[in-house]
Amino acid sequence: MASEHFARPAPPAQVPMAPVPYEVRSQTAETDDTATLVLAPADGTHVPPARPGQFNMVYVFGVGEAAISLSGDASDSTVIVHTVRAAGRITEAIVRASAGQALGVRGPYGRGWPMDLARGKDVVLMAGGLGLPPLRPVLYEMLRHREQYGRIEVMLGARTPKDLVYYPEIQSWRHRADLRFQVTVDAAGRDWYGDVGLVTARIPDARFEPANTVAFLCGPEIMMKNSARDLEARGVPATAIWLSMERNMKCAVALCGHCQYGPDFVCRDGPVFRYREIRDRLSCREV
Amino acid sequence: MTAPAVGDHLRMDRRDFSTFLAALQSSGYRVVGPTIRDGAIVYGDIRAETDLPIGWTERQEAGTYRLERRADAALFGYVVGPHSWKKYLFPAHERLWTARREGTSFAVTPEPVDETRYAFVGMRACEIAALDVTDKVFLGGVRDPGYEARRTRALRIAVQCGQAGGTCFCVSMGTGPGVTHGYDLSLTEVLEGSRHEFLIAVGSEAGAAVLASVPVQSAGPDLDRTAERIVSTTAASMGRTMETVGLRDLLLSQPDHPAWDRVAKRCLSCTNCTMACPTCFCHTTEEVPSLEADQTERWRRWDSCFNLEFTKLHTASVRTSGMSRYRQWLTHKLGSWHDQFGMSGCVGCGRCITWCPVGIDITEEVSALRTPAPRAAVGAPR
Amino acid sequence: MSESAPAGLRVGDHAFFEGLDAQLLREAQRLASERHFNAGDWIVRDGDPATAFFLVFHGKVALEVATAEKPHLTIQTVGPGEVLGWSWLVPPYLWRLDARALKPTQTLALDAVAFRKVLGAHPAQGFEFLERLLPIVAQRLENTQIQLLDIHGL
């Protein structure tokens, strides 16, 4: 099936590996360890066109760079948005960046979500934890052209309620009548009235026509693996389920070899993959 | 005689080799080639022909490399040492850019183009094949500026192998020992009795230009036949063989074959094989800030899929077991390389066998994987 | 907690029993009584005899475990169309956690001691029933695995 997904995006017209200075416009804390940054090119130019699901290499002067998914509105050519969890030295420095500071950006890289294949279909978006940020551009795009899609079911899983990012926005999505947004946490205290359990446990109850559905999954590998399994069991074809994979990345241009996943370079051939193509790898250890 | 031209087959007397080296130097090339250092034939700068390993050869077996005297004074009477030409085209440590703070922002200056014109003297057929592979890696997609700069300026002076090494299997990989393409000049050293000369095939204008000031004559069919005989003798004495039919599928379809666990028990994850391999291209990046923190540099350094940190993701690595790392290396080299680059990543040079401290032999491991894994044996005590 | 008139909820209308053997449905209906809970009500308590099998029709129930550090940790929620409890099938037939209504919740409670005997007396139907119950146990197990892996905390 031809899709814009398979059209290899032209590598960004920049010197490979050289970051371009961007200015931090704002930094907003999402959770204890996660923040959302809004960045604009320091030279006042437009940001390069990007598609939902692509990522940038975000650089901190003197520290290093990390692969971070685009999580803002892909149609906005004035700023880029990244939601980052402080999980190491570099991401900690990114999360700590404050307004006015310069960060480096190169990208966008990779193959994004096949938005064209979702048009006219029911859409299932399943996110685990920080898997929501890479799917947020999908939601923005679909809500902007809501009439082009069938039912939209969003299922979000998180560790605990305090680990939820975009909390106010989630509440506004949950109030919309043109999509269903379910949130499930692994465990909660008494201050949580929502669902607790597996995000996959919401699948039987989700409303979509399996044979006419496209599903985008992003989250911890085991969450995506289990979700894809259960979606397929409900009748969604393995060709219509897409996963965003994560591997160690250094160069983002398929040169450094770090992100190899079987025959694929996650940075170039992914990060979004069709479930049918990677199903065997998902069940093989240490690939 | 008329000026040398592409396609010519010429002869050059051994005594004129110094003239040939001088012609390369005076043409502006930085001449690099085989030389003896630390008990091995490695690649380094060649200022005079005495830098070459004249009269030396090496004995290679799994985990073994030893220099030995030859009975003659051959210039290229060895096979391949631990180095490969990738150390020039894709240096083990290379600066990519420098950045300097400017107010609240910073400015990035890419590394200037490396204008060095290398003359690689003594490229073996397997090394020409390795160049095909690294060209595909570094120039087939996003082009690596450093590699491209050096590669496009480099002069490739091949030498057909007059003997096979103990760990060689280029015949199996279809990469040698005859040099068929990808050279500017291809030499065959002919050393029979008192006769010591070179047959030279001219592969490019750049190669022909170098020969303009070197005494060469038309080779004649006799010398061509001698060269063919030398190459076919070498081909018949390969130290190793590898069955390549269906190899990609064999590797990719057997992630649980017990052979992986067996080899993992011997593998030290020392990364020697990946450093010695002429096609292994994996690298990492390093940020090197100045003490004043007003300037910083981005470097890249050879990395290896055998390093635990290679697949580090958040708090843990994806490939933690030695088994999975060896499996990744071999499956990539001989299997998924085909998917990525349309060719095998192995050229049959044997370096990974020779330089493995415990003597793991890639050809033996392929044979082991060809032995069907008994279903019951998978997961059973071994 | 309140017991209501027998007219309302029917076993056969619950997703869990949908399509099961008609005779089994009749037996289950005979053993069922409607139980309604207000938000905050305890439905079952850890260590109590597991004498009921609850079919949830409306509302939401939290399954809680308690430790000194986390006295009210919800590990799963159960909603409409789902069932609560399998401890009544596993000796020594005691509840292994607390269940509390998060909102007004309407259930049918089956007399589990009697129903266990019914299932034993009709092995074929009993097996079919267990085939439906076991996935719920498996899901709890998978949930426990996910919590153990702490996958989102990586």
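Residues numbered from 1 in each chain as written. Chains lettered and ligands numbered in written order. Predicted model: local features only at pLDDT ≥ 70, side-chain atom pairs only at ≥ 80, totals over all residues. Heavy atoms only, no water.

**Q** Describe in detail the interface of chain B and chain A, supporting the description with residues and values.
**A** Contacts between chain B and chain A engage 48 residues on the former and 37 residues on the latter. Of the roughly 3400 Å² buried between chain B and chain A on both sides combined, carbon and sulfur atoms contribute 61%. Interface area lost by chain B to chain A is led by B:F106, B:V142 and B:Q340, which between them contribute 19%. Viewed at the interface, chain A and chain B are joined by one salt bridge. Across the pair A:E65 and B:R298 runs a salt bridge whose closest N-O atoms are separated by 3.0 Å. At the junction of chain B with chain A, the criterion picks out 18 residue pairs in polar contact (both at pLDDT 80 or more). Among the secondary structure elements, those contributing two or more residues to the side of chain B that touches chain A are β6 (93–102), β7 (105–110), α3 (125–139), β13 (283–289), β14 (295–302), β15 (312–313) and α11 (322–341) of chain B. When residues of the side of chain B that touches chain A are assigned to their parent elements, the largest contribution, eight residues, is made by α11(B). (Contact = heavy atoms within 4.5 Å. Buried area = accessible area lost by both parts, 1.4 Å probe. Salt bridge = Lys/Arg side-chain N within 4 Å of Asp/Glu carboxyl O. Polar contact = N/O pair within 3.5 Å; in protein donor to acceptor, adjacent residues only side chain to side chain. Helix = DSSP H or I, 4+ residues; strand = E, 2+ residues; numbered from the N terminus.)

**Q** How would you summarise the pattern of salt bridges if you had to cite specific residues and measurements?
**A** Residue and element names in this part refer to chain B. Overall, the coordinates contain 53 salt bridges over all chains when judged by the stated rule. Where R70 meets D72, a salt bridge forms, and the shortest distance between an N and an O atom there is 2.6 Å. Where R300 meets D144, a salt bridge forms, and the shortest distance between an N and an O atom there is 2.8 Å. Here R300, found in strand β14, pairs with D144, found in the loop between α3 and α4 (145–153); they are 156 residues apart in sequence, far enough to count as distant. The two residues R300 and D144 agree in class, both being buried. Put simply, R11, D13, R15, E192, R195, E197, D222 and R229 are held in one network by salt bridges that share partners. (Buried < 20%, exposed > 50% of the residue type's maximum accessible area, 1.4 Å probe, protein only.)

**Q** Residues and numbers for the sheet that holds β13(B), please.
**A** All names here are of chain B. Within the open sheet, the four strands sit side by side as β7-β6-β14-β13. Their pairing is antiparallel. Of all strands in the sheet, those bounded by a partner on one side alone are β7 and β13. On average, each strand axis in the sheet is inclined to that of its neighbour by 25°, with strand direction left out of account. Examined bridge by bridge, β13 and β14 share seven bridges and lie antiparallel to one another. The residue of β14 that forms the bridge with T284 is R301. (Pairing = 2+ DSSP bridges. Axes fitted to C-alpha atoms, helices over the stretch in contact; angles between N-to-C directions.)

**Q** A description of the packing of aromatic side chains should follow, citing residues and the corresponding values.
**A** Two aromatic rings are characterised by how far apart their centres lie and by the angle between their planes. Considering all chains together, one arrives at 41 aromatic pairs over all chains under this definition. One aromatic cluster is present, formed by C:F16, C:F17, C:F53, C:W88, C:F115 and C:F129 through successive ring pairs. The ring of B:W302 carries the charged tip of B:K86 above its face, separated from the ring centre by 4.5 Å. One residue, C:R116, lies across the ring of C:Y93, its end atom 3.6 Å from the ring centre. (Phe/Tyr/Trp six-rings, centres within 6.5 Å; stacked < 30°, edge-to-face > 60°. Lys NZ or Arg CZ within 6 Å of the ring centre and 35° of its normal.)

**Q** Which residues make up the interface of chain C and chain A, and what are the values?
**A** Each side of the interface is counted separately: chain C has 23 residues, and chain A has 26 residues. A combined buried area of about 2100 Å² lies between chain C and chain A, and 51% of that area is made up of carbon and sulfur atoms. The tally of links between chain C and chain A comes to three salt bridges. C:E142 is paired through a salt bridge with A:R229; the nearest N and O atoms lie 3.0 Å apart. Those elements that provide at least two residues to the side of chain C that touches chain A are β6 (73–78) and α3 (123–149) of chain C. Looking at the side of chain C that touches chain A, the element that brings in the most residues is α3(C), giving six residues. Partitioned by chemical class, the residues of the side of chain C that touches chain A number eight nonpolar, nine polar and six charged. (Nonpolar A, V, L, I, M, F, W, Y, C, P; charged D, E, K, R; others polar.)

**Q** Mind laying out the packing of helix α3 (residues 132–144) of chain A against helix α4 (residues 167–174) of chain A, listing which residues take part and the relevant values?
**A** Residue and element names in this part refer to chain A. Look at α3 against α4: their axes get within 13 Å of each other, and the N-to-C directions meet at 40°. Classified by the angle their axes make, α3 and α4 are oblique. Note that α3 runs across α4; the crossing there is left-handed. Taken together, the residues of α4 that come into contact with α3 (itself represented by L132, R136, L139, Y140 and L143) are E169, I170 and W173. Split into classes, the residues belonging to the contact of α3 with α4 amount to six nonpolar, no polar and two charged. (Parallel < 35°, antiparallel > 145°, perpendicular 65-115°, else oblique. Left-handed = near helix turned anticlockwise from the far one by under 90°.)

**Q** Tell me about the side chain of B:H257, and please be specific about residues and values.
**A** Residues and elements named next belong to chain B. In this fold, H257 is placed in the loop between α8 (247–252) and α9 (258–266). The class of H257 is buried, set by a relative accessible area of 4%. A distance of 2.6 Å separates the side chain of H257 from the backbone oxygen of T371, its partner in a polar contact. Not counting residues within four places of it along the chain, the set of residues in contact with H257 comprises A368, L369, T371, P372 and A373.

**Q** Just give me the short version of the sheet that holds strand β15 (residues 272–274) of chain A, but keep the residues and values in it.
**A** Strand pairing in a sheet relies on backbone hydrogen bonds. The paired strands run either parallel or antiparallel. All names here are of chain A. Ordered in space as β10-β9-β8-β7-β11-β12-β15, the seven strands form an open sheet in which the pairing is mixed. With one partner strand each, in any of the chains shown, β10 (195–196) and β15 form the two edges of the open sheet. The sheet contact formed by strand β7 (residues 122–128) and strand β11 (residues 213–218) spans six bridges and is parallel. Looking across to β11, one finds that M126 is bridged to L217. Running over the sheet, helix α5 (residues 221–233) touches β7, β11 and β12 (241–244) and is turned about 165° from β11.

**Q** Can you explain the domain arrangement of chain B? Please cite residues and give values.
**A** Residue and element names in this part refer to chain B. Structurally, chain B comprises domain 1 (9–235) and domain 2 (247–377). Each of domain 1 and domain 2 has a C-alpha centre, and the two are 26 Å apart. Counting from both sides, the interface comprises 44 residues of domain 1 and, opposite them, 41 residues of domain 2. The contact between domain 1 and domain 2 buries some 3700 Å² in all, and 62% of this surface belongs to carbon and sulfur atoms. Linking domain 1 to domain 2 there are four salt bridges. At the level of secondary structure, the elements contributing two or more residues to the side of domain 1 that touches domain 2 comprise β3 (40–45), β4 (56–61), β5 (64–69), α2 (86–89), β6, α3 and α5 (170–173). When residues in the side of domain 1 that touches domain 2 are grouped by element, the largest group, ten residues, is from α3. (Domains from an automatic or database assignment.)

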